[in-house]
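Structural overview
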Amino acid sequence: PVPWAALALAAAACVPTLDPETGRIEALRVVAVQAEPPEARPGEAVVLTAQVADAAGPRPDAAPSWILCASRKPLSEPGPVDPACLASRARTLSAGAGESVSVVVPSNACSLFGPDPTPPSPGAPPGRPVDPDPTGGYYQPVVVRAPEGDVAVYGLRVRCPVPGLTLAQQQALRDASPPNRNPRLAGVSIGNALRVGTPATVEVRWPRCDEGTPCDGAERYAVFDPISREVRPARENLRVSLLVTAGSLEPVTLAPPADAETATFTFTPEAPGRASVFVTLRDDRGGVAVERLDVDVAP
């Protein structure tokens, strides 16, 4: 399966809004989406929050619209989501508009996008259960549209029952895999006295996770292995991404080792004045942390 929710956002913009080589925001775009909590069962409420920005910086006035897509992708579709989710022909549930919205995970999310059997209906794809991602997750597609055309698709992680487990395995999975929670950034720092054309180091930090204790970094959890038919321990993978309103980054995204607590990037300012650096920390189970750092650049 495509680990699309680990990426959190899949841009589908009509016009370029980001230079992928430099991480520079060039027009209004959805920078990141966070769900609180980051995974939920059908019928549970989730608050979705979007960070929207353009080349001038944050745009809290540019409230995006939110839609839960109820269209299951055909088996022949290689992408992470049914293309109909981005078109007017999709079956959708409107979740309103605003920087933050509260949604309820649809009651049929585990049959449309999870392991539960799908009731047959005319013209629908075959009712084959959806395979989980490598972390055991299933995802409800959420379409986020910025006012000026940028579109992002976010995967809201749905906590579905795992079929075929013994009672002992169900208990072991519950004990070792409490609901995921969002990671937390422990700090973001950048060199002082920024000047045009002079590279500066950006350091991103997050908490350390010790075995057997709840944490805000790379959490430990358990997953059911369908090959061995056993519940086995696992650990989250984290990815750090940076975007800037002016200048360039090297690299734009990093996937640090599981035991890392920091990641470093190089930011090169290209114009004097105020610039915003957006830092997004994602785990591979739907968790997201976002922080913005505003900096002043001298000529």
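These remarks concern the structure in this document. As the structure is a computational prediction, the values presented were derived from the model and not from experiment.

Glancing now at the side chain of serine 241. Relative to the assigned elements, serine 241 resides in strand β17 (residues 238–244). In terms of polar contacts, serine 241 uses its side chain to reach the side chain of threonine 253, at 3.2 Å. Contacts of serine 241, omitting those with residues within four sequence positions, involve Val252, Thr253, Phe278, Val279, Thr280 and Arg282.

The biggest cluster of nonpolar side chains holds 26 residues, and the ones touching the most others in it are Val46, Leu48, Trp66, Val142 and Leu156. Within the residue set of this core, elements represented by two or more residues are β4 (29–36), β6 (45–54), β8 (65–69), β10 (100–104), α2 (109–112), β11 (138–145) and β12 (151–158). Excluding residues within four positions of it along the chain, valine 142 makes contact with Leu48, Trp66, Ile67, Leu68, Ala152, Val153, Tyr154 and Leu156. Counting residues in hydrophobic clusters, the runner-up holds 25 residues, among them Ile190, Val204, Trp206 and Ala289.

The next point concerns the environment of glutamine 169. Looking at where glutamine 169 falls in the secondary structure, it is placed in helix α3 (residues 167–176). Once the C-alpha coordinates of glutamine 169 and arginine 229 are considered, the two residues, 60 residues apart in sequence, prove to be 9.4 Å apart. Not counting residues up to four positions away in its chain, the partners in contact with glutamine 169 are Gly164, Phe224, Arg229, Glu230 and Val231. Here the side chain of glutamine 169 touches threonine 166 through a polar contact of 3.0 Å, landing on its backbone nitrogen.

Right, let's get into the pattern of salt bridges. If you walk through the whole model with that rule in mind, you get 17 salt bridges. One salt bridge connects aspartate 133 with arginine 157, and the closest N-O pair in it is separated by 3.9 Å. In this pair, aspartate 133 is assigned in the loop between α2 and β11 and arginine 157 in strand β12, connecting sequence segments 24 residues apart. Residue aspartate 133 is classed as buried on the basis of its relative accessible area of 9%. Exposure remark for arginine 157: the relative accessible area of 4% places this residue in the buried category. A salt bridge links aspartate 216 to arginine 184; the shortest N-O distance between them is 3.1 Å. You can see aspartate 216 sitting in the loop between β14 (200–205) and β15 (220–225) and its partner arginine 184 sitting in the loop between α3 and β13 (187–190), a full 32 residues away along the chain. Here arginine 184 falls in the partly exposed class, since its relative accessible area comes to 42%.

Another point: unusual backbone geometry. Cis geometry marks the peptide bond from glutamate 36 to proline 37; its omega dihedral reads 0°. For the peptide bond that leads from glutamate 250 to proline 251, omega is -10°, which places it in the cis range. The phi torsion at arginine 229 lies on the positive side, around 60°, for a residue other than glycine. On the secondary structure map, arginine 229 appears in the loop between β15 and β16 (230–235).

The next subject is the state of the cysteines. Scanning the entire structure with this criterion turns up three disulfides. Between cysteine 69 and cysteine 85 runs a disulfide, and the two sulfur atoms are separated by 2.1 Å. Taking the sign of the torsion about the S-S bond as the criterion, the disulfide between cysteine 69 and cysteine 85, at about -80°, is left-handed. Note that cysteine 69 is positioned in strand β8 and cysteine 85 in the loop between β8 and β9 (92–97), a separation of 16 residues in sequence. Residue classification places cysteine 69 among the buried residues on the basis of a relative accessible area of 1%. Here cysteine 209 pairs with cysteine 215 through a disulfide, and the sulfurs are 1.7 Å apart. On the sign convention where negative means left-handed, the S-S torsion of about 85° between cysteine 209 and cysteine 215 marks this disulfide as right-handed. You can call cysteine 209 buried: its relative accessible area is 6%. Taking only the cysteines that form disulfides and numbering them from first to last, the protein chain has the pattern 1-2, 3-4, 5-6.

Rules behind the numbers
- Residues numbered from 1 in each chain as written.
- Predicted model: local features only at pLDDT ≥ 70, side-chain atom pairs only at ≥ 80, totals over all residues.
- Heavy atoms only, no water.
- Helix = DSSP H or I, 4+ residues; strand = E, 2+ residues; numbered from the N terminus.
- Polar contact = N/O pair within 3.5 Å; in protein donor to acceptor, adjacent residues only side chain to side chain.
- Contact = heavy atoms within 4.5 Å.
- Core = buried A, V, L, I, M, F, W, Y, C linked by side-chain atoms within 4.5 Å.
- Buried < 20%, exposed > 50% of the residue type's maximum accessible area, 1.4 Å probe, protein only.
- Salt bridge = Lys/Arg side-chain N within 4 Å of Asp/Glu carboxyl O.
- Disulfide = S-S within 2.5 Å.

Bear in mind that shape data such as this cannot, by itself, settle questions of function.
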